[in-house]
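Okay, here's what each chain looks like letter by letter:
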Amino acid sequence: MKSAMRPCAPERSRTPADGRGPAPARRRRRLYLGDRQQGGGRPEPYYVDAVMLAPGIACTEEPLESVTGGTAQPYWQRRHDGAPDTWLTTKALQKTVLPVAEALRRARGREKDRRPAGGLSFTGYAAQLVDQLGQVPTGRALTGAVSKLLPVPTPPGGGHDGGFRELDPAGGPPRPAGDIRVLIANAGRDIRSTAVVPQDAEAARDGRGSCAVIGLPYATVLQLGGVTDAFLWSPVVMLASLLCHATHMLAGAYDTSPVTVPRTLTPGAFGTYATTRSAAIALGDETALRHALLGASGVSFLHADSFLQLPAFEAASRTARAFRDALPAEAAGLAKTYDETAVTRNTVWRLNEAAVAREFGYKPRKSHEQSGQRDYSQRTLLVEPRELVRDKNLVDSPYSAWVKGKVGAPHAFSGLKDSWERWWESAMYLDYLFSPVKATVNAFTGGAVPSVVVNPVKNLYRLANAGRMVAHYAGAEKPAEVDKAPLHAAEGTLNRLPVRYDAYTQAVDTISVDRLLQAVRDVKDAQAAVAGGLPPAYMREQRLHTPGEAAGWAAKKVVVPAVLEMTPYVSTAATGLRIATPHVVAAVPRERRDAARRFVREAYLRS
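Residues numbered from 1 in each chain as written. Predicted model: local features only at pLDDT ≥ 70, side-chain atom pairs only at ≥ 80, totals over all residues. Heavy atoms only, no water.

Draft legend 1. Up close: the pattern of salt bridges. Following the criterion strictly, the structure yields 16 salt bridges and no others. Two residues, aspartate 285 and lysine 366, come together in a salt bridge whose shortest N-O distance is 4.0 Å. Of this pair, aspartate 285 sits in the loop between α7 (277–283) and α8 (286–294) while lysine 366 sits in the loop between α11 (353–360) and β14 (376–380); the two residues are 81 residues apart in sequence, bridging distant segments of the chain. Here aspartate 285 falls in the buried class, since its relative accessible area comes to 9%. Here lysine 366 falls in the partly exposed class, since its relative accessible area comes to 48%. Residue arginine 324 pairs with aspartate 325 through a salt bridge whose shortest N-O separation is 2.8 Å. Overall, the relative accessible area of 22% leaves arginine 324 in the partly exposed class. (Salt bridge = Lys/Arg side-chain N within 4 Å of Asp/Glu carboxyl O. Helix = DSSP H or I, 4+ residues; strand = E, 2+ residues; numbered from the N terminus. Buried < 20%, exposed > 50% of the residue type's maximum accessible area, 1.4 Å probe, protein only.)

Draft legend 2. Looking closely at the packing of helix α9 (residues 311–326) against helix α10 (residues 332–347). For the pair α9 and α10, interaxial distance at closest approach is 8 Å and the crossing angle is 170°. Put simply, α9 runs roughly antiparallel to α10. Packed against α9, whose contacting residues are Phe313, Glu314, Ala316, Ser317, Thr319, Ala320, Arg321, Phe323 and Arg324, the element α10 presents Leu334, Ala335, Tyr338, Asp339, Thr341, Ala342, Val343, Arg345 and Asn346 at the interface. Tallied by class, the residues present in the contact of α9 with α10 amount to 9 nonpolar, 4 polar and 5 charged. (Axes fitted to C-alpha atoms, helices over the stretch in contact; angles between N-to-C directions. Parallel < 35°, antiparallel > 145°, perpendicular 65-115°, else oblique. Contact = heavy atoms within 4.5 Å. Nonpolar A, V, L, I, M, F, W, Y, C, P; charged D, E, K, R; others polar.)

Draft legend 3. Molecular detail of unusual backbone geometry. In this structure, alanine 117 takes a positive phi of about 55° despite not being glycine. Along the chain, alanine 117 falls in the loop between α3 (97–107) and α4 (122–133). Of the residues examined, alanine 117 reaches a relative accessible area of 0% and is grouped as buried.

Draft legend 4. Structural context of empty space enclosed by the protein. Under the counting rule described, the total for this entry stands at 3 cavities of 30 Å³ or more. The calculated volume of the second largest cavity comes to roughly 50 Å³. Every residue lining the second largest cavity is listed: Phe231, Leu232, Trp233, Ser234, Val237, Glu353, Ala357, Tyr362, Lys363, Pro364, Arg365 and Val395. Secondary structure elements with two or more residues in the lining of the second largest cavity: β10 (231–233) and α11. The element best represented in the lining of the second largest cavity is β10, accounting for 3 residues. (1 Å grid on protein atoms, 1.4 Å probe; cavity = no way out; pocket = protein on both sides within 12 Å on 5 of 7 lines; lining within 4 Å. Points joined across faces, edges and corners; volume = space filled by probe spheres on them.)

Draft legend 5. The arrangement of the sheet that holds strand β8 (residues 212–216) in detail. Sheet architecture is open: 8 strands sit in the order β5-β4-β1-β2-β3-β6-β8-β7, paired in mixed fashion. The open sheet terminates on both sides in strands that have one partner only, identified here as β5 (175–176) and β7 (195–198). The sheet contact formed by strand β1 (residues 28–37) and strand β2 (residues 43–54) spans 8 bridges and is antiparallel. Bridge pairing in β2 places arginine 36 opposite glutamate 44. Its contacts with the sheet put helix α6 (residues 235–250) on β3 (56–63), β6 (180–186), β7 and β8, and the angle it makes with β8 is roughly 165°. (Pairing = 2+ DSSP bridges.)

Draft legend 6. Region of interest: the packing of aromatic side chains. Under the defined criterion, the tally for this structure stands at 9 aromatic pairs. With centroids separated by 6.2 Å and ring planes inclined at 55°, the aromatic side chains of tyrosine 399 and tryptophan 402 adopt a geometry described as tilted. Of this pair, tyrosine 399 and tryptophan 402 both sit in helix α14 (residues 398–403), 3 residues apart, which is roughly one turn of the helix. Per residue, the accessibility class of tyrosine 399 equals that of tryptophan 402, and both read buried. Geometrically, the ring pair formed by tryptophan 424 and tyrosine 461 is tilted, given 5.5 Å between the ring centres and 55° between the ring planes. (Phe/Tyr/Trp six-rings, centres within 6.5 Å; stacked < 30°, edge-to-face > 60°.)

Draft legend 7. Looking closely at the packing of α6 against α11. Orientation of α6 relative to α11, taken along the N-to-C sense of each, is 155°, at an axis distance of 9 Å. Relative to α11, α6 is oriented roughly antiparallel. The element α6 and its partner α11 pack so that their crossing is right-handed. On the side of α6, the interface is formed by Val236, Val237, Ala240, Ser241 and Cys244, while α11 contributes Glu353, Val356, Ala357 and Phe360. (Left-handed = near helix turned anticlockwise from the far one by under 90°.)

Draft legend 8. Quick peek at the nonpolar core. One finds Ile184, Ile214, Leu216, Leu243 and Tyr362 to be the most contacted residues of the largest nonpolar core, which totals 101 residues. Element by element, the count of residues in this core is highest for α6, at 11 residues. Ala320, Leu327, Leu334 and Ala335 belong to the second-largest nonpolar core, a separate cluster that totals 10 residues. (Core = buried A, V, L, I, M, F, W, Y, C linked by side-chain atoms within 4.5 Å.)

Draft legend 9. Broad picture of the sheet that holds β14. A sheet is described by the order of its strands in space; here 4 strands give the open sequence β10-β9-β14-β15, paired in antiparallel fashion. Among the strands making up the open sheet, the edge pair consists of β10 and β15 (411–412). Of the pairings in the sheet, the one linking strand β9 (residues 220–224) to β10 comprises 3 bridges and is antiparallel in character. Pairing of leucine 222 across the sheet is with tryptophan 233, part of β10.

Draft legend 10. Spotlight on the environment of arginine 181. Inspection of the secondary structure puts arginine 181 in strand β6. A residue is classified by how much of its surface remains accessible, and arginine 181, at 8% relative accessible area, is buried. Through-space distance from the C-alpha of arginine 181 to that of phenylalanine 164 is 7.7 Å; in sequence the pair is 17 residues apart. What arginine 181 contacts, discounting residues up to four positions off in sequence, is Gly56, Val146, Ser147, Lys148, Leu149, Leu150, Pro151, Phe164, Cys211, Ala212 and Leu250.

If you want it as C-alpha cells, here you go:
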C-alpha cells in the first residue's frame, strides 16, 4: 500500500527553556484520510503523520486544506475580505522606533527571538498551548472532556470510533483510531484561516456526535481595539475557543442556527452582531448567551437568568443514555463509557472561552465576531506562547510587546468592521475640526462656549446607539410558546429491542438501532423547539433582582451614561440662554422688562 507521506519518525525530545529537563517523546500515529488522486494517476491511500498531545487530541504538521480536502468553513461568520494592510502609525514607527529596537536586539545577541514562536515547530507550538490549558481548572476540564465524549455508533458501519482511521501495522485495511477525537492541523499564518470542521456535519448536530479537525493559525495572534485600549487574543485562549466548538460537535449538539446578540447593554455603546448559537455558547459572555437562547423579547432586565441545562445538550445526553440502555450485558465496559459520555454531554457547554481567559488573568472578548472594536489586526508571535503566560503585560500592551520584539508589526483588517461603525468612525474626524472653530468662537464670545463640548460627533454617536437599543427591544417579536413534550415523549415510544453487539469487532448491528434513531429524532425536535421559542422552564432559573440590584443596574447602565451624554447639550443650551438674555431683554418694551427678566431667570434656573 503506497503512502502519500514520508515514513513516520520518532519525535525528538527537546529541553524546555526553563531547564527542567527534556520533555517525554510523544506517541506518533499515521492517520488515513481517504483515497486521493496524486498527480494524474489513480487514487491512492492518503496518510498524514500525527502526534498525540493529550488524551483524545492529536496534532499534524499538515496544512488544514490537505487534512480537510479543502472543505473547511471559516470560524468567523463575518467576511474578512481584503489583504492585511499596514497602518499609517505603523509605517511611522518603522521609520523611527523599530530600527533602534532592532539594533538593540542585534547588539544583545537576540536575533533568534525574531523567529516565529521562538523557533518552535507547529507541533511544538500546539503542544505548548495544550499543556498551558492544563494550568487552569476550566482548561483542564476542557481537554479532559475531549476523551470522554464518545460518538454514538450509527449505520452503516456501526463502529463507535468517531471517524478517524489509522495505518494498520499488520498490513490490513486502515483500522479505527478510536482514541483520537480532535485533530489539530496547521491553518497557516493568516488568522482568517481559523476553522473547526466536523468529520460528519449532520452527526455533529443531531445527537450522534462527530470528531472534528481544528485549524489553528501558527504563531499568529489577533489584536483588538485601538492604540489606547488594544489587547491580544492570546493563543491559548484561542485554542480554548476552538476546543469549545469541537466539544459541541463531539457531543452532537453543535447548533449553527443564526442569532443576533448585543455586544454590550450599555446604551451609549449598544450594538448587535450576527453569529451562531453554538458560537455564543462557546464565547461565554452572559449577555450573548441569554439573547442567543431567549431572544431579545425573552430577556428580562428585572430577572437574573441562569441556565441549568441547554436543550440541545440535554437531548444529546439522552441519546447517549438511550444507546447505553440498549447495549447487552456483555458490553458492560462500553456501557460504562457511555455513562460518562452522557454526563459530559449534558455539562460540557459550561466550559467556555471567557472562563479560560479570566483564569489566566486576560481580558475576555465581548463579541465572537469582534463587533464594536475600533481596529483589528494580526501580529506574528515571535516568542514561545509560554512567555505570554509568564508576562501578562505583553497581552495587555501589544505595542510595548512589539517594541520589545515579542510580537511583529500589526497588519490591519479593514473589512472586519460593519457599515455602522465605519460610517461613524469617518464622521468622528469632524471632531478634530471643532477645536479651531471653538477657539474662534471663544475669541468673539469671551469663552462663553463650555469646555465640555469637545466631541460633538462622538456624543451624537452615543445618543444614536442609545436610540438603536430602544428600537431593538421595542421591535423584538415575542417567540411562540414551546411545546415541552418533545423532550420527554420519546422515552415512552422508543423501540425496546436491545442493540446486538459484537464484542470481537466492537461494533453494533445496524439493523437493531431503531431506539437510537428515535432518540436522534428527539434531539432534532429539541433543537426545533429552541429555534421556535424559549427553552423549557425547568432548564433555567429566574431570580428577581433585589431593589438595590435593579437600582444599581439602572444607575450604571442608564442614568450615568445618559447624564454624561446629555451634559454637553444641557451646558450648551444654558450658555446660549445666558448669551441671548440681554438681547431678549433689550428687545422687550421698557414697561414689560421686569416680567421678561423674571421669565428668563426662571427658565435659566430650570435648565
